[in-house]
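Structural overview
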Amino acid sequence: MIDGKRTVDDTLFTDTPEGTALRGSRCDDCGAHTFPTQGGCPRCTGSAMREVPLARTGTLWSWTVQGFRPKSPYTGTHEPYGVGYVELTGQLIVETRLVETDPEKLTIGMPMELALVPFRDDPDGPVHTFGFVAVAS
Amino acid sequence: MTGVAIVGIGMHRFGRTEGVSGRAQAVHAARAALADAGLRFSDMQFGFGGSHSAGDADTLVSELGLTGLPFINVANGCATGGSALIAADAAIRSGQHDLGIVIGFDKHPRGAFNTDPGEHGIGAWYGETGLMVTTQFFGMKIQRYLHDHDLKAGVLATIAEKAFRNGARNPMAWRRKEMTADEIAAAPMISHPLTQYMYCSPGEGAVALVLCRADRARAYTDKPVFLQGVAFRSRRYGSFEVFSPWTAIDRADPPTVEASRAAFAAAGVAPSEVDVAQIQDTETGAELMHMAETGLCAHGEQEELITTGATAIEGWLPINTDGGCIANGEPIGASGLRQVHENVLQLRGAAGEHQVPGDPRVGFTHVYGAPGISACTVLTR
């Protein structure tokens with residue numbers, strides 16, 4: 001449970017004073033970030049990775065809208081969903097579901113913030129994953 | 001060190017062939033390639049091959065002949081054929097063997113690929129939440145590319161129109177019905193900005209090639225085609241690749257740039273000398289981006305080349321003359337070798353209705369795939 005919500009994988013998340021953030025890792029030697037966490041650094045090939053919370057806000061780097069329901073291993077509901085990459089300044093560009101599904105309302109460069117969003121209904125209730133939503137400007 | 005020649009080519013028609021297994025299609029292609037070179041399987045000193053979903057290539061010997069040859073399975077996703085060719089090239093160029101065969105084949109179920117994230121070292125959450133979908137990646141890559149290079153999405157339909165036009169002229173293609181750019185643009189949206197007919201589909205098919213030392217090629221054919229350069233590269237930190245839960249903010253050249261550069265360097269050929277090119281068009285955005293990533297043109301130039309017909313069979317830079325993945329589908333194990341098969345036909349002057357005019361001399365092939373790999377070849381006659 002994260003913030004009282006069931007999630008697809010609790011290890012993706014971490015608590016910060018500002019709220020739930022994605023749990024990433026940062027290389028002590030070269031400063032490269034990854035998501036999720038991993039032991040080896042993809043940039044300098046070292047292994048000095050340390051867990052860090054990733055930024056909760058960023059800007060939309062690219063996007064699309066998933067127009068058909070993916071086959072297994074997808075377990076989510078039938079509704080269309082947005083998919084994007086969001087640039088977290090100084091860290092990395094993370095792939096994410098987007099709450100917005102209208103192509104007219106998605107623009108590269110728009111500010112966004114992290115949210116926990118439901119994607120599947122289990123008998124015990126909705127299961128959440130991370131998504132990004134536009135920040136009201 | 002000797003060069004390497006392709007002296008026999010064989011193919012099982014791409015598309016859907018009910019009741020014929022992928023392995024049977026591979027055997028068909030292998031026998032056709034051997035017959036083309038006037039050889040028997042017992043003449044083969046080695047084999048390299050692979051498929052993604054249709055079984056192990058090395059088991060084909062039970063049908064082709066139990067001759068004791070070393071037959072090594074290759075599995076590199078979309079670059080399976082390219083990797084088999086690299087292995088064959090090294091085996092011959094090093095002097096280890098003189099003559100051998102590479103085989104690529106596949107038979108996929110209908111619909112988009114569904115990949116297990118665990119096979120890519122990614123958590124199950126990635127697949128469960130609907131991010132492990134290749135079509136999405138291509139939508140997002142071309143979306144960013146159009147934005148960066150100020151290109152219009154309309155050109156994506158024009159590329160598919162060309163693919164179906166070329167496919168209609170190729171008896172081995174799957175999709176042989178022409179479509180207009182308007183029909184393609186109006187089709188259901190799969191992953192914005194790409195519609196249904198801008199994507200290739202997983203399919204079936206097989207290709208085999210017989211290769212030998214270049215100095216012995218004329219014993220088997222009067223029209224040898226020489227494998228002048230072949231290269232494979234994986235992704236670097238900072239390149240944006242399929243199945244990436246994240247990418248770096250610092251940008252790096254994608255593997256296509258490095259593999260094509262290495263293949264051209266090995267061949268001593270410049271991209272401007274290419275007479276006919278087969279480049280990965282799993283969707284039309286890929287053809288657009290790969291035109292520039294391979295060095296065949298500059299970034300941003302593609303729109304004019306495509307809309308003026310330069311990339312058509314009769315143009316000065318013919319691309320995907322057999323209809324590419326869009327008209328042939330993508331049987332993963334066979335797809336890269338299909339491109340080489342098409343270029344051999346073109347350089348022999350034997351491509352029939354889809355023959356590039358003017359006796360092409362230099363051919364180029366390029367594949368791209370998960371998890372960020374590319375294999376390229378340069379062929380000459």
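Residues numbered from 1 in each chain as written. Chains lettered and ligands numbered in written order. Predicted model: local features only at pLDDT ≥ 70, side-chain atom pairs only at ≥ 80, totals over all residues.

Okay, the overall build of chain A next. Helix and strand counts for chain A stand at zero helices and nine strands. Reading chain A from its N terminus to its C terminus gives the helix and strand order β-β-β-β-β-β-β-β-β. A compact globule built from 137 residues should have a C-alpha radius of gyration of about 14 Å, and chain A, at 16 Å, falls within 12% of that. Dimensions of chain A, computed from the C-alpha atoms along their principal axes, are close to 45 × 35 × 30 Å. Split into buried and exposed, the 137 residues of chain A put 39% on the buried side. (Helix = DSSP H or I, 4+ residues; strand = E, 2+ residues; numbered from the N terminus. Rg over C-alpha atoms; globule rule 2.2 N^0.38 Å. Buried ≥ 20, exposed ≤ 12 C-beta atoms within 10 Å, placed from the backbone.)

Residue and element names in this part refer to chain B. The mixed open sheet is built from nine strands, whose spatial order is β3-β2-β4-β7-β1-β8-β12-β11-β10. A strand with exactly one partner marks an edge of an open sheet, and here the two such strands are β3 (71-73) and β10 (276-279). Strand-to-strand twist in this sheet, taken as the mean axis angle between neighbours without regard to direction, amounts to 20°. Note: strand β1 (residues 4-15) against strand β8 (residues 225-234), two bridges, orientation antiparallel. Counted as the bridge partner of Ile-6 is Val-225 from β8. Along the sheet face, helix α1 (residues 22-37) touches β1, β4 (99-107) and β7 (204-213) and points at about 145° away from the line of β1. In this fold helix α3 (residues 80-93) packs onto β1, β2 (47-50), β3, β4, β7, β8, β11 (362-369) and β12 (373-380), with an angle of close to 170° to the strand it touches most, β4. (Pairing = 2+ DSSP bridges. Axes fitted to C-alpha atoms, helices over the stretch in contact; angles between N-to-C directions. Contact = placed C-beta atoms within 7 Å.)

Right, let's talk about the nonpolar core for a bit. Of all hydrophobic cores here, the largest spans 150 residues; its most connected members are B:Ala30, B:Val102 and B:Leu209. Leave out the neighbours within four places in its chain, and B:Ala30 touches B:Gly10, B:Leu60, B:Leu64, B:Ile101, B:Ile103 and B:Ala208. (Core = buried A, V, L, I, M, F, W, Y, C linked by C-beta atoms within 7 Å.)

On to the interface of chain B and chain A. Between chain B and chain A, the residue contacts involve 32 residues of the former and 38 residues of the latter. Broken down by element, the residue count for the side of chain B that touches chain A peaks at six residues, all from helix α5 (residues 134-149) of chain B. Classifying every residue of the side of chain B that touches chain A gives 15 nonpolar, 14 polar and three charged. For strand β7 (residues 92-98) of chain A and strand β9 (residues 246-247) of chain B, the ladder comprises two bridges, and the chain directions are antiparallel. Note on β9(B): the bridge partner recorded for A:Ile93 is B:Thr247. (Nonpolar A, V, L, I, M, F, W, Y, C, P; charged D, E, K, R; others polar.)

Another aspect to go through is the confidence of the model for chain B. On average, residues of chain B carry a pLDDT of 96, and 100% of them reach 70 or more. Overall fold confidence for the complex sits at a pTM of 0.95, while the interface term, ipTM, reaches 0.97. (pLDDT = per-residue confidence, 0-100.)

Right, let's talk about the environment of A:Val99 for a bit. Residues and elements named next belong to chain A. Mapping Val-99 onto the fold places it in the loop between β7 and β8 (111-122). Note on Val-99: 14 C-beta atoms within 10 Å, which makes it partly exposed. Sequence spacing of Val-99 and Glu-87 is twelve residues, and the spatial spacing of their C-alpha atoms is 16 Å. Once you skip the residues sitting within four places of it in the chain, Val-99 turns out to touch Gly-82, Ala-115, Val-117, Gly-131 and Val-133.

Taken N-terminus to C-terminus, the directions of α3(B) and helix α12 (residues 332-348) of chain B make an angle of 65°; their axes are 6 Å apart at the nearest point. Residue-level inspection shows B:Thr80, B:Gly81, B:Gly82 and B:Leu85 of α3(B) in contact with α12(B), the latter providing B:Ile332, B:Gly333, B:Ala334, B:Ser335, B:Gly336, B:Leu337 and B:Val340.

Turning next to the pairing of strand β9 (residues 125-134) of chain A. Residue and element names in this part refer to chain A. Across two bridges, the pairing between β7 and β9 is parallel. Opposite Leu-98, over in β9, you have Phe-132 as the bridge partner. Pairing of β8 with β9, which is carried by ten bridges, proceeds in the antiparallel orientation. Looking at the pairing, Asp-122 lines up with Gly-125 of β9. In sequence, β8 turns back onto β9 through a hairpin of two residues.

All names here are of chain A. Along strand β5 (residues 57-66), eight of the ten residues are buried, which leaves the element largely enclosed by surrounding structure. Note: β5 against β8, three bridges, orientation antiparallel. Within β8, the position partnered with Thr-59 by the bridge is Pro-111. Two strands pair when backbone bridges link them, and β5 and strand β6 (residues 81-88) are joined in this way by seven bridges, in the antiparallel orientation. Bridge pairing in β6 links Ser-62 to Tyr-85.

Once that is clear, we can look at unusual backbone geometry. With an omega of 15°, the peptide bond between A:Ser72 and A:Pro73 qualifies as cis. Locating A:Pro73 in the fold gives a position in the loop between β5 and β6. Between B:His192 and B:Pro193 the backbone carries a cis peptide bond, its omega angle lying at 10°. One can find B:Pro193 in the loop between β5 (189-191) and β6 (194-195). Not every positive phi belongs to a glycine, and A:Asp3 is a case in point at roughly 55°. Counting through the fold element by element, A:Asp3 comes out in the segment before β1 (13-16). Looking at A:Asp3, the number of C-beta atoms within 10 Å reads 11, which means it is exposed. Of note in the backbone geometry, A:Thr45 takes a positive phi value of approximately 70° without being a glycine. Assessed through the 11 C-beta atoms surrounding it within 10 Å, A:Thr45 is described here as exposed.

Once that is clear, we can look at the packing of α5(B) against helix α9 (residues 284-293) of chain B. Residue and element names in this part refer to chain B. The interhelical angle for the contact between α5 and α9, taken along N-to-C directions, is 45°, at an axis separation of 9 Å. As far as their axial angle goes, α9 and α5 are oblique. Two packed elements cross with a definite hand, and for α5 against α9 that hand is left-handed. Judged by residue contacts, Phe-138, Lys-141, Ile-142 and Tyr-145 of α5 engage Gly-285, Ala-286, Leu-288 and Met-289 from α9. Here the contact of α5 with α9 is built from residues that sort into six nonpolar, one polar and one charged. (Parallel < 35°, antiparallel > 145°, perpendicular 65-115°, else oblique. Left-handed = near helix turned anticlockwise from the far one by under 90°.)

Quick look at α3(B) now. Residue and element names in this part refer to chain B. The first and last C-alpha atoms of α3 sit 20 Å apart over 14 residues, in line with the 20 Å expected at 1.5 Å per residue. Taken together, the buried positions of α3 are occupied by Thr-80, Gly-81, Gly-82, Ser-83, Ala-84, Leu-85, Ile-86, Ala-87, Ala-88, Asp-89, Ala-91 and Ile-92. Directly after α3, the chain includes Gly-95, whose backbone phi takes a positive value near 90°. (Expected span 1.5 Å × (residues − 1).)

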